[in-house]
2 protein chains.
Amino acid sequence: MPVERKAGEGGGAVVGFRPLYRQVKERLVRRIAAGEWQAGRIIPSEFQIAAELSVSQGTVRKALDEMTAENLLVRRQGVGTFVASHDEDRILFQFFKLTRDDGGREFPDSQVLAVERARANAEEAARLSLARGSHVVRIHRLRSLGGAVAISEHIAVPAARFPDLERSEPVPNNLYGLYGGRYGVTVARATESLKAVPCPEADAALMGIAPGMPVLLIDRLATDLDGQEVEWRVSLCRTDRFHYLSDLK
Amino acid sequence: MPVERKAGEGGGAVVGFRPLYRQVKERLVRRIAAGEWQAGRIIPSEFQIAAELSVSQGTVRKALDEMTAENLLVRRQGVGTFVASHDEDRILFQFFKLTRDDGGREFPDSQVLAVERARANAEEAARLSLARGSHVVRIHRLRSLGGAVAISEHIAVPAARFPDLERSEPVPNNLYGLYGGRYGVTVARATESLKAVPCPEADAALMGIAPGMPVLLIDRLATDLDGQEVEWRVSLCRTDRFHYLSDLK
DNA sequence: CGTCTTATGTCTTATACAAGACTAATAAGC
DNA sequence: GCTTATTAGTCTTGTATAAGACATAAGACG
């Protein structure tokens with residue numbers, strides 16, 4: 001592997017230097033981002049990658065270690081290393097924090113109310129870093145937990161990255177799985193901002209609660225491997241029988 | 001180091017086996033938990049620990065790697081490895097998730113309203129795993145962000161682990177720093193459960209908002225290195241100008 | 001159909017060397 | 001003689017590599 005070397009020892013600042021294993025990691029991440037290695041598929045063995053890049057297996061392993069820690073890869077001893085896929089179990093653990101008060105964790109059901117393609121409004125364009133006049137696909141759906149409607153959710157994604165998403169019938173329950181499987185878009189991170197607000201009338205009617213009742217507003221911005229914004233999602237959640245679980249460690 | 005060996009190869013399940021570096025890690029964690037290594041202090045070098053336990057430096061390093069990833073240690077190349085202390089910066093990053101809407105992150109001021117020692121009620125005893133009749137110390141305080149009161153907070157800790165806490169004057173702003181520095185209790189993890197609720201009259205008056213206004217209720221249970229419950233904290237937060245930030249990755 | 005062998009992964013441990021940081025001795029300048 | 005800058009030494013963590021142990025699955029074989 002063509003290694004980035006440090007600047008001459010004479011005194012130059014070594015600004016561009018990164019350890020070898022990070023250079024390896026970056027190249028491997030790029031392969032996933034480019035779709036060369038697809039979600040759920042196995043990747044070459046540590047020795048194969050090491051030989052290809054002319055580094056030792058231990059160096060590759062350290063790169064894979066970090067990627068595994070970031071939930072990008074899944075390893076199975078004796079079998080191989082796989083690109084993590086957004087299956088329901090992973091979503092439930094990593095991205096879905098609303099839980100029944102009795103503690104049972106489950107993947108919510110979805111009932112899609114509307115799907116449309118339209119020009120992004122100012123707020124959508126700002127949050128998704130879109131140019132003026134770009135299109136988005138909007139999805140509005142209700143989500144149920146343990147049989148009861150718990151969430152009213154508005155989603156916006158850039159239409160350019162998800163062609164014909166508005167015509168996909170039916171819209172699957174697990175959206176991130178669709179993003180990865182059909183469009184090769186990997187949701188790597190998300191930032192959620194939470195507030196307590198009075199429930200608007202429209203959503204209250206849909207969720208079967210009194211208007212003005214306090215609900216949890218979750219504003220989520222999801223980004224892909226390159227840090228590009230991929231999805232903006234605003235969820236209104238009942239918290240009379242549910243709660244948002246956050247582990248600090 | 002007396003290594004745990006695997007069961008005979010004849011076919012027994014290798015239930016008790018753990019890798020060497022995890023055995024090392026566990027021993028080192030125990031030293032911190034026992035107060036042998038105190039918060040903020042430097043620990044012996046990797047080679048010293050390796051020699052003492054009769055393992056290689058790389059094995060010690062792997063144990064320290066994991067402990068660093070868990071925010072238990074802080075490393076400084078060329079200097080040494082230190083036991084992480086609960087200074088304000090770390091708290092802000094790890095345990096304090098409420099942020100001003102304009103994005104500025106800061107450590108909140110505190111105004112203590114009441115401190116008392118009393119027998120634990122049923123709920124406190126349950127949450128803190130205390131025996132019937134045990135005592136707790138209760139603290140009620142207001143916390144301000146950017147000059148405005150943002151949080152009304154009720155805290156309960158086992159009196160047995162924090163003797164004379166109710167007589168400590170004044171109660172410091174950074175409680176976890178006090179737990180570690182004066183009582184040798186390290187808060188390692190915390191679980192927060194969030195709900196949107198109408199603000200009770202008493203707290204509304206204290207925070208200067210209308211009663212019944214939606215506020216964020218944060219129910220936090222903090223545990224030490226051994227998983228023992230250390231503190232139960234219920235915070236009511238205004239979210240009209242603040243929000244709870246949660247990074248999913 | 002069950003058991004053993006073998007091939008091929010990842011996992012663990014060990015070792016060597018590089019890079020950063022502090023200390024103290026040393027030399028230059030006033 | 002005192003101060004200050006430099007430099008060598010040494011101790012620390014960081015990086016890279018190699019070799020053997022362990023886990024798994026598939027095929028050979030009875």
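Before reading on, note that the structure itself is shown above.
Residues numbered from 1 in each chain as written. Chains lettered and ligands numbered in written order. Predicted model: local features only at pLDDT ≥ 70, side-chain atom pairs only at ≥ 80, totals over all residues. Heavy atoms only, no water.

Asks: Any chance you could explain the interface of chain B and chain A here in plain terms?
Replies: Accessible area lost upon the coming together of the parts serves often as the stated size of an interface. The partner chain A presents 31 residues to the 31 residues of chain B that form the contact. Buried area between chain B and chain A, summed over both chains or domains, comes out near 2,400 Å², and the portion from carbon and sulfur atoms is 56%. Area buried by chain B at its contact with chain A is led by K195, L248 and K249 of chain B, which between them contribute 27% of it. Across the chain B-chain A interface, the total number found is two salt bridges. Where chain B meets chain A, there are 21 residue pairs in polar contact (both at pLDDT 80 or more). If you list the elements that add at least two residues to the side of chain B that touches chain A, you get β8 (189-198), β9 (214-223) and β11 (242-248) of chain B. No other element matches β8 of chain B, which puts ten residues into the side of chain B that touches chain A. In the side of chain B that touches chain A, the residues fall into 14 nonpolar, seven polar and ten charged. Both strand β8 (residues 189-198) of chain A and β11 of chain B contribute to a ladder of five bridges, which runs antiparallel. Across the sheet, A190 of chain A pairs through a bridge with L248 of chain B, a residue of β11 of chain B. (Contact = heavy atoms within 4.5 Å. Buried area = accessible area lost by both parts, 1.4 Å probe. Salt bridge = Lys/Arg side-chain N within 4 Å of Asp/Glu carboxyl O. Polar contact = N/O pair within 3.5 Å; in protein donor to acceptor, adjacent residues only side chain to side chain. Helix = DSSP H or I, 4+ residues; strand = E, 2+ residues; numbered from the N terminus. Nonpolar A, V, L, I, M, F, W, Y, C, P; charged D, E, K, R; others polar. Pairing = 2+ DSSP bridges.)

Asks: Help me understand the relation of the copies chain B and chain A, please; the structure alone is not making it clear to me.
Replies: Put simply, the two copies of the chain differ by a rotation about an axis and a shift along that axis. Rotating chain B by 180 degrees and moving it 0.1 Å along the rotation axis overlays it on chain A with an RMSD of 0.1 Å. Accordingly, the operation relating the two chain copies is best matched by a two-fold axis. Taken together, the interface assignments show that 100% of the residues at the interface of chain B recur at the interface of chain A, consistent with an identical surface on both copies. (Least-squares fit on C-alpha atoms with pLDDT ≥ 70 in both.)

Asks: I keep staring at unusual backbone geometry and nothing clicks. Help me out?
Replies: Comment: phi is negative for the bulk of residues other than glycine, and the bulk of peptide bonds are trans. With omega at -5 degrees, the peptide bond leading from E169 of chain A into P170 of chain A counts as cis. Along the chain, P170 of chain A turns up in the loop between β7 (148-158) and α6 (175-183). Its identity is not glycine, yet D164 of chain A carries a phi of approximately 65 degrees, on the positive side. Counting through the fold element by element, D164 of chain A comes out in the loop between β7 and α6. One non-glycine residue, S54 of chain B, adopts positive backbone phi at about 60 degrees. Summarising the element assignment, S54 of chain B is placed in the loop between α2 (46-53) and α3 (57-69).

Asks: Quick question: what am I supposed to make of the protein's contact with DNA strand C here?
Replies: E46 and R61 of chain A together with L20, T59 and Q77 of chain B are the nearest of the 25 residues found near DNA strand C. The sugar and phosphate moieties of DNA strand C supply 76% of its atoms located within 4 Å of the protein. In the model, a base nitrogen of DNA strand C is placed 3.3 Å from a nitrogen or oxygen of the Q57 of chain A side chain. Within the side chain of R61 of chain A, an N or O atom sits 2.3 Å from a phosphate oxygen of DNA strand C. Elements with a minimum of two residues in the surface near DNA strand C: α2 (46-53), α3 (57-69), β2 (73-76) and β3 (80-83) of chain A together with α1 (20-33) and α3 of chain B. A breakdown of the residues in the surface near DNA strand C according to their chemical character gives six nonpolar, twelve polar and seven charged. (Near = heavy atom within 4 Å.)

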